[in-house]
There are 2 protein chains.
Amino acid sequence: MSVYAKAYGLTKFRKNDDSIYKLALDSAIDLIKRFKINKDEIDGIIISTSSSEPYMASIIAEMLGIKPKIANKLEQMCSSGSSAIIDAYSYLLSGLCKNILIIGVDKYDTKANQLEWDANRGDFKHPAHWAALFAKAHMREYNTSEDDLALVTVKNRRYACKNEYAYFNNEVSIEEVKNSRLIVEPLRLYHCSYPCNGASSILLTNEPDEKPVKIIGIGAKSVGASIASIDDLRSITSSRVAAREAYSMASIDAKMVDIAEMHDAFSICEIMLYEDLGFVEKGKGGVFVREVFDEKSKVKVNTRGGLLGCGHPVGASGISQTVEIVMQLREEAGMRQIKDCKIGMVHNMSAAGTTSNVIIMEKDYG
Amino acid sequence: MSVYAKAYGLTKFRKNDDSIYKLALDSAIDLIKRFKINKDEIDGIIISTSSSEPYMASIIAEMLGIKPKIANKLEQMCSSGSSAIIDAYSYLLSGLCKNILIIGVDKYDTKANQLEWDANRGDFKHPAHWAALFAKAHMREYNTSEDDLALVTVKNRRYACKNEYAYFNNEVSIEEVKNSRLIVEPLRLYHCSYPCNGASSILLTNEPDEKPVKIIGIGAKSVGASIASIDDLRSITSSRVAAREAYSMASIDAKMVDIAEMHDAFSICEIMLYEDLGFVEKGKGGVFVREVFDEKSKVKVNTRGGLLGCGHPVGASGISQTVEIVMQLREEAGMRQIKDCKIGMVHNMSAAGTTSNVIIMEKDYG
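Residues numbered from 1 in each chain as written. Chains lettered and ligands numbered in written order. Predicted model: local features only at pLDDT ≥ 70, side-chain atom pairs only at ≥ 80, totals over all residues. Heavy atoms only, no water.

### Some words on the overall build of chain A
Next, step 1: Secondary structure summary: chain A contains twelve helices and twelve strands in total.
Next, step 2: For 366 residues, the compact-globule estimate of 2.2 N^0.38 gives 21 Å, and chain A sits close to it at 19 Å.
Next, step 3: The buried share of chain A, taken over its 366 residues, is 67%.
Next, step 4: Summarising the internal contacts of chain A: among those between residues at least 6 apart in sequence, 77% fall at separations of at least 24.
Next, step 5: Counting every atom, chain A has about 12,100 Å² of accessible surface; 48% of that belongs to carbon and sulfur.
Next, step 6: For chain A, the centre of its 45 positive side-chain charges and the centre of its 48 negative side-chain charges are spaced 1 Å apart. (Helix = DSSP H or I, 4+ residues; strand = E, 2+ residues; numbered from the N terminus. Rg over C-alpha atoms; globule rule 2.2 N^0.38 Å. Buried < 20%, exposed > 50% of the residue type's maximum accessible area, 1.4 Å probe, protein only. Contact = heavy atoms within 4.5 Å. Areas by Shrake-Rupley, 256 points an atom, 1.4 Å probe, with all protein chains shown as cover. Lys, Arg positive; Asp, Glu negative; His and termini not counted. Charge placed at Lys NZ, Arg CZ, Asp CG, Glu CD.)

### What about the packing of helix α4 (residues 127-142) of chain A against helix α9 (residues 267-276) of chain A?
Residues and elements named next belong to chain A.
Next, step 1: In the contact formed by α4 and α9, the axes pass within 9 Å of each other and the chain directions differ by 60°. It follows from the interaxial angle that α4 and α9 lie oblique. By crossing handedness, the relation of α4 to α9 is classed as left-handed. Together, Ala 131, Phe 134, Ala 135 and His 138 of α4 and Ile 268, Ile 271, Met 272 and Glu 275 of α9 make up the contact between the two elements. (Axes fitted to C-alpha atoms, helices over the stretch in contact; angles between N-to-C directions. Parallel < 35°, antiparallel > 145°, perpendicular 65-115°, else oblique. Left-handed = near helix turned anticlockwise from the far one by under 90°.)

### A closer look at the pairing of strand β2 (residues 44-48) of chain B
Residues and elements named next belong to chain B.
Next, step 1: Counting buried residues in β2 gives five out of five residues, a clear majority hidden from the surface.
Next, step 2: Covered by surrounding structure in β2 are Gly 44, Ile 46 and Ser 48 together with Ile 45 and Ile 47, the residues of both alternating faces.
Next, step 3: One ladder, built from five bridges, connects β2 with strand β3 (residues 70-75); its direction is parallel. Looking across to β3, one finds that Ile 47 is bridged to Lys 73.
Next, step 4: The parallel pair β2 and β3, bridged by helix α2 (residues 56-64), forms a crossover whose chirality is right-handed.
Next, step 5: As paired strands, β2 and strand β4 (residues 99-106) are joined by five bridges and run parallel to one another. Across the sheet, the residue bridging to Ser 48 is Gly 104, located in β4. (Pairing = 2+ DSSP bridges. Right-handed = clockwise from strand over helix to strand, strands pointing away.)

### Quick word on the interface of chain B and chain A
Next, step 1: Counting from both sides, the interface comprises 47 residues of chain B and, opposite them, 47 residues of chain A.
Next, step 2: In total, about 4,000 Å² of surface goes out of reach between chain B and chain A, with carbon and sulfur atoms giving 56% of it.
Next, step 3: Between Lys 69 of chain A and Glu 245 of chain B there is a salt bridge, with the nearest N and O atoms lying 3.5 Å from each other.
Next, step 4: Contributions of two or more residues to the side of chain B that touches chain A are made by α2, β3, α3 (80-94), β8 (213-222) and α7 (225-230) of chain B.
Next, step 5: Per element, the largest residue contribution to the side of chain B that touches chain A is eight residues, and it comes from α3 of chain B.
Next, step 6: Within the side of chain B that touches chain A, the residues separate by chemical class into 24 nonpolar, 13 polar and ten charged.
Next, step 7: Two elements, strand β3 (residues 70-75) of chain A and β3 of chain B, share three bridges in a ladder whose sense is antiparallel. Paired with Leu 74 of chain A across the strands is Leu 74 of chain B, a residue of β3 of chain B. (Buried area = accessible area lost by both parts, 1.4 Å probe. Salt bridge = Lys/Arg side-chain N within 4 Å of Asp/Glu carboxyl O. Nonpolar A, V, L, I, M, F, W, Y, C, P; charged D, E, K, R; others polar.)

### Description of the nonpolar core
Next, step 1: Counting residues in hydrophobic clusters, the biggest one holds 78 residues, and the most contacted among them are Ile 102 and Leu 204 of chain A together with Ile 102 and Leu 204 of chain B.
Next, step 2: With residues near it in sequence (within four places) discarded, Leu 204 of chain A still touches Val 3, Tyr 4, Ala 5, Ile 85, Ala 88, Leu 92, Lys 98, Asn 99, Ile 100, Ile 102 and Ile 215 of chain A.
Next, step 3: Membership of the second largest hydrophobic core comes to 52 residues, among which are Val 172, Tyr 247, Phe 266 and Leu 273 of chain A. (Core = buried A, V, L, I, M, F, W, Y, C linked by side-chain atoms within 4.5 Å.)

### Here's the deal with the relation of the copies chain B and chain A
Copy one and copy two of the chain differ by a rotation about a common axis and a shift along it.
Next, step 1: When chain B is fitted to chain A, the residual RMSD is 0.0 Å, and the transformation amounts to a turn of 180° plus an axial shift of 0.0 Å. A rotation of that kind, with that shift, is consistent with a two-fold axis.
Next, step 2: Here 100% of the interface residues in chain B have copies in chain A that are interface residues too; the copies meet face to matching face. (Least-squares fit on C-alpha atoms with pLDDT ≥ 70 in both.)

### Quick word on unusual backbone geometry
With the exception of glycine, the majority of residues adopt a negative phi angle, and the majority of peptide bonds are in the trans configuration.
Residues and elements named next belong to chain A.
Next, step 1: Of note, the bond from Glu 185 into Pro 186 is cis; its omega dihedral lies within 30 degrees of zero at 5°.
Next, step 2: By secondary structure assignment, the location of Pro 186 is in the loop between β5 (182-184) and β6 (187-188).
Next, step 3: At Ala 352, a position not held by glycine, the phi torsion is positive, near 60°.

### Describing the pairing of strand β1 (residues 4-10) of chain B
All names here are of chain B.
Next, step 1: Across the seven residues that make up β1, a large majority, six, are buried.
Next, step 2: Two strands pair when backbone bridges link them, and β1 and strand β7 (residues 198-205) are joined in this way by six bridges, in the antiparallel orientation. Bridging across to β7, Tyr 4 finds its partner in Thr 205.
Next, step 3: Pairing of β1 with β8 involves two bridges; the strand directions are antiparallel. Paired with Ala 5 across the strands is Val 213, a residue of β8.

### Points about the environment of Val 314 of chain B
Residues and elements named next belong to chain B.
Next, step 1: Within the secondary structure, Val 314 is located in helix α12 (residues 314-329).
Next, step 2: Sequence-wise, Val 314 and His 126 are 188 residues apart; in three dimensions their C-alpha atoms are separated by 14 Å.
Next, step 3: Excluding residues that lie within four positions of it along the chain, Val 314 makes contacts with Ser 50, Met 77, Cys 78, Asp 106, Thr 110, Ala 112 and Asn 113.

### Let's talk about the packing of aromatic side chains
Residues and elements named next belong to chain A.
Next, step 1: Overall, the coordinates contain ten aromatic pairs over all chains when judged by the stated rule.
Next, step 2: Here Tyr 167 and Phe 168 contribute two aromatic rings whose centre-to-centre distance is 5.0 Å and whose plane-to-plane angle is 75°, an arrangement assigned as edge-to-face.
Next, step 3: According to the relative accessible area criterion, Tyr 167 is partly exposed, its value standing at 24%.
Next, step 4: An aromatic cluster of at least three residues, connected via ring pairs, comprises Tyr 167, Phe 168 and Tyr 194.
Next, step 5: The ring centre of Tyr 159 lies 5.5 Å from the NZ or CZ of Arg 158, which sits over that ring.
Next, step 6: If you follow Arg 158 out to its NZ or CZ, it ends over the ring of Phe 293, 4.3 Å from the centre. (Phe/Tyr/Trp six-rings, centres within 6.5 Å; stacked < 30°, edge-to-face > 60°. Lys NZ or Arg CZ within 6 Å of the ring centre and 35° of its normal.)

### Considering the side chain of Glu 270 of chain A
Residues and elements named next belong to chain A.
Next, step 1: By secondary structure assignment, the location of Glu 270 is in helix α9.
Next, step 2: The exposure class of Glu 270 is buried, given its relative accessible area of 0%.
Next, step 3: Setting aside residues up to four positions removed in sequence, Glu 270 forms contacts with Val 152, Lys 155, Asn 156, Met 262, Asp 264, Val 301 and Asn 302.

### Focus: α3 of chain B
Residues and elements named next belong to chain B.
Next, step 1: End to end, α3 covers 21 Å across 15 residues, agreeing with the expected 21 Å (1.5 Å per residue, within 8%).
Next, step 2: Within α3, 15 of the 15 residues are buried, which leaves it mostly tucked inside the rest of the structure.
Next, step 3: Once α3 ends, the next one or two residues include Gly 95, with phi positive near 90°. (Expected span 1.5 Å × (residues − 1).)

### Topic: helix α5 (residues 146-160) of chain A
Residues and elements named next belong to chain A.
Next, step 1: With 15 residues, α5 extends 21 Å between its outermost C-alpha atoms, agreeing within 8% with the 21 Å of an ideal straight helix rising 1.5 Å per residue.
Next, step 2: By the criterion of burial, α5 is predominantly enclosed, with twelve of the 15 residues buried.
Next, step 3: All of the buried residues in α5 are Asp 148, Leu 149, Ala 150, Leu 151, Val 152, Thr 153, Val 154, Lys 155, Asn 156, Arg 157, Tyr 159 and Ala 160.

### Some thoughts on the environment of Tyr 89 of chain A
Next, step 1: Its location among the elements puts Tyr 89 of chain A in helix α3 (residues 80-94).
Next, step 2: Along the backbone, Tyr 89 of chain A and Leu 101 of chain A are twelve residues apart, and their C-alpha atoms lie at a distance of 11 Å.
Next, step 3: Aside from chain neighbours lying at most four places away, what touches Tyr 89 of chain A is Val 3, Ile 215, Ile 218 and Met 249 of chain A together with Leu 96 of chain B.

Structure representation (structure tokens):
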């Protein structure tokens, strides 16, 4: 048995007073209308969110007029979205469900933007401190420059201009990134993803449709802070492990990936991920970003606009990333369509890279 | 491939200032020590809780020294515990994990004790209002008496006295129940389960050990308020559907069940569940409780002490219920051991019965 993406729904990422329920429903209704889904066939609903509202899965199911078998709310900080997709994958393979609606949703002011737990790792509540440590180490060890870092943001903001659902729809220059407000040396405002409201939905199924996109690899790892970052600031260990697992399950290697969503919570993350996901050797991420920027690399990265361009509503990001890969593999990505995509990858992580998920999808037609 | 219970851990349900982390760790450490579990073999961790603390699964994993593949926090109100077990079942069948630790934990003051959503069903924030509607309907339609209702509490408090982990360890008489403080006519204090702190853990695996207890049936249903309770106050619709599904999957019927945990959030629930889970025909629950009380019925019910005797820490109850069935089927239930149990059932529900889970387990040895 296999698992396929069947439908998706999106909302414009924004910052306003919409309730968490309105956000979630907007994206689910977009999915149902866009793909003319028969609601009676939906037998599972998973809400990926850091919201503390209880019983959201069943409440949203009732609001949508769905009476599912499985209804759960799942939280795993910034990687909640991909965790929910892996969760749904399991339900579909176990035979308990046939069609699962996954809704990722969060508000800009969620408690999960910061992590009190980080205090026990050196009093760094905001994740920017951790990203700054990564950036300093990379610059020191591999001569990665401020321009290299800035180029990630410039690229992703450029892509975001082609994505009507992205929070940001204006380009920025390298100079603008380098002159933006200092947050934690060496990271500036434009190196940081932006907390906002957002929701996105995806429907997974075990029946292929006319344009099947299939999940062929899954890797996941939760390593804990002590071995993720302190011993080796040069790597995101959980991402290396998750990618290796996912490639192995999919029987592919990084060279075969045409398009990837990488968790660019901060610009330095994308540079490290080029390396840790196996696209370039360790230390060459700062050079590789120029190839990616010019679209000369085989792998195209963060064509959706990334977290840097789209904004980062915690529980929604992993779903939006997965939807982007599905849209690209189905040739439904409009202005930002990349030609000849066969294999796509989603990388989504949490809490300074202490947890990572990798999902590999394949175009299973044409 | 099958799914088996491998180990369990318990804590005394209580009401104090222990943090949610301490509670969770106490039960997980009890599990690891009691069954001499090799922590390196645990590749999944699921936290069942209504706590709003972000990233709890990975934080608790790190505190325990576990580096799992899968780490999720799951919330589905009062049925979170059984939902987490069904979640783990899926991961084990999908092949993504081999040994999953599930920790159910909550504090007495969790937001999930009430449901704001209930306001849209007639301004009843507290679930006692719903239980009172159920009780009034049952008394009116089937002549169920105050004594019948009280007997559920008397029975479950009696069992709780044999359970060192239960919140309550004193018996109550029918008169005491009937004289306890009125909450919502006709329900009194002793008809209501008690919010408290608690945690319990279970380890599920796909490798049988020397005393294998196997999951053979799963049923689940989330129906929404509009069809759960308003049209027919005589039945808990989601429980009927979930039980039917679980029996079908297990290829058994209610007559074959030796021991059952039923979600007695209120005494009336247990009486209705005798009927809705198929142990006695509709309307006869008030008569059947006497057979159950005298242990003359084939099925023994809530030998742990139920929610009425043990207390109800929201995310932990479903795990504790499942642990009770595992203990009974493994003949490890001490003073409250029921003889010759072969097949056990867990019934756990949420929010006035708008969601129900049923899990059927079988003793797979001896």
